Amino acid sequence: QVQLVESGGGLVQAGGSLRLSCVASGSSSSINAIDSMRWYRQAPGKQRDLVAQITSGGSTNYADSVKGRFTISRDNAKKTVYLQMNSLKPEDTAVYYCNVQGAGYYIGRTYYPDFGAWGQGTQVTVSS
């Protein structure tokens with residue numbers, strides 16, 4: 001239904017900045033059904049944790065560890081969600097994944113239920 005492609009990861013020194021992007025593609029119905037857009041991250045040997053979320057109405061929330069440093073935003077016309085990461089720390093090193101959650105929708109008489117999708121991930125490495 002929805003495919004996600006992330007970009008923008010890389011190697012940066014502590015205190016630096018990166019901006020991640022995630023572009024969604026798919027049918028117009030599935031794209032229009034997207035509600036929440038999220039960024040998760042997973043460090044080696046650790047679970048995947050929610051970093052930031054933005055709803056279709058623009059409400060945002062952040063993990064405590066990134067509040068004041070990271071900003072999530074979305075451009076619905078470009079079908080893109082961004083994560084601006086400032087004041088990066090070595091502990092921010094992880095693979096960052098984009099995730100979307102969408103509501104059920106109809107195409108004609110066919111109902112497509114609530115859905116979720118993941119991107120392939122982009123590596124962010126912060127050196128000390």
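Anything mentioned here points back to the structure above.
Residues numbered from 1 in each chain as written. Predicted model: local features only at pLDDT ≥ 70, side-chain atom pairs only at ≥ 80, totals over all residues. Heavy atoms only, no water.

Draft legend 1. Broad picture of the packing of aromatic side chains. Inspection of the entire model under this criterion finds 5 aromatic pairs. Summarising the aromatic geometry, the rings of Tyr-40 and Trp-118 are spaced 4.9 Å apart at their centres and angled 55 degrees between planes, so their arrangement reads as tilted. Residue Tyr-40 is found in strand E4 (residues 34-42), and its partner Trp-118 is found in strand E12 (residues 115-118); the two are separated by 78 residues along the sequence. For Tyr-40, a relative accessible area of 14% corresponds to the buried category. Assessed through its relative accessible area of 42%, Trp-118 is described here as partly exposed. (Phe/Tyr/Trp six-rings, centres within 6.5 Å; stacked < 30°, edge-to-face > 60°. Helix = DSSP H or I, 4+ residues; strand = E, 2+ residues; numbered from the N terminus. Buried < 20%, exposed > 50% of the residue type's maximum accessible area, 1.4 Å probe, protein only.)

Draft legend 2. The sheet that holds strand E3 (residues 18-26), seen in detail. Taken in spatial order, the 4 strands line up as E1-E3-E8-E7 in an open sheet, and their pairing is antiparallel. Two strands lie at the open edges of the sheet, namely strand E1 (2-7) and strand E7 (70-75), each paired on one side alone. Averaged over all neighbouring strand pairs, the angle between strand axes comes to 15 degrees, with direction disregarded. With 6 bridges connecting them, E1 and E3 associate as antiparallel partners. (Pairing = 2+ DSSP bridges. Axes fitted to C-alpha atoms, helices over the stretch in contact; angles between N-to-C directions.)

Draft legend 3. Expanded view of the state of the cysteines. Taken as a whole and judged by the stated rule, the model has 1 disulfide. Linked covalently through their sulfurs, Cys-22 and Cys-98 form a disulfide whose S-S length is 2.1 Å. Residues Cys-22 and Cys-98 share a disulfide whose torsion about the S-S bond is about -80 degrees; that sign makes it left-handed. With a gap of 76 residues between them, Cys-22 in strand E3 and Cys-98 in strand E9 (residues 94-102) connect regions that are remote in the sequence. Assigned by exposure class, Cys-22 and Cys-98 land together as buried. (Disulfide = S-S within 2.5 Å.)

Draft legend 4. Layout of the side chain of Arg-69. Its location among the elements puts Arg-69 in the loop between strand E6 (60-62) and E7. Within the structure, the side chain of Arg-69 is placed 2.9 Å from the backbone oxygen of Ser-65, a separation counted as a polar contact. In terms of polar contacts, Arg-69 uses its side chain to reach the backbone carbonyl oxygen of Ser-87, at 2.9 Å. Setting aside anything within four residues of it in sequence, one finds Arg-69 in contact with Gln-84, Met-85, Asn-86, Ser-87, Leu-88, Lys-89 and Asp-92. (Polar contact = N/O pair within 3.5 Å; in protein donor to acceptor, adjacent residues only side chain to side chain. Contact = heavy atoms within 4.5 Å.)

Draft legend 5. Structural view of the environment of Val-23. Counting through the fold element by element, Val-23 comes out in strand E3. By relative accessible area, which is 39% here, Val-23 ends up partly exposed. Sequence separation of Val-23 and Lys-79 is 56 residues, and the distance between their C-alpha atoms is 5.8 Å.

Draft legend 6. Up close: the side chain of Ser-21. Residue placement: Ser-21 occurs in strand E3. If sequence neighbours within four positions are ignored, Ser-21 has contacts with Val-5, Glu-6, Ser-7, Trp-39, Thr-80, Val-81 and Tyr-82.

Draft legend 7. Geometry of the pattern of salt bridges. A full pass over the atoms with the stated rule returns 3 salt bridges. With a closest N to O distance of 2.9 Å, Arg-41 and Asp-92 form a salt bridge. One end of the pair, Arg-41, is in strand E4; the other, Asp-92, is in the loop between strand E8 (80-85) and E9, with 51 residues separating them in the sequence. Comparing Arg-41 with Asp-92 shows no difference in burial state: the two are buried. The salt bridge partner of Asp-64 is Lys-67, with a shortest N-O separation of 3.1 Å. Under the relative-accessibility criterion, Asp-64 is labelled exposed at 65%. Connected through shared salt-bridge partners, Arg-41, Arg-69 and Asp-92 make up one network. (Salt bridge = Lys/Arg side-chain N within 4 Å of Asp/Glu carboxyl O.)

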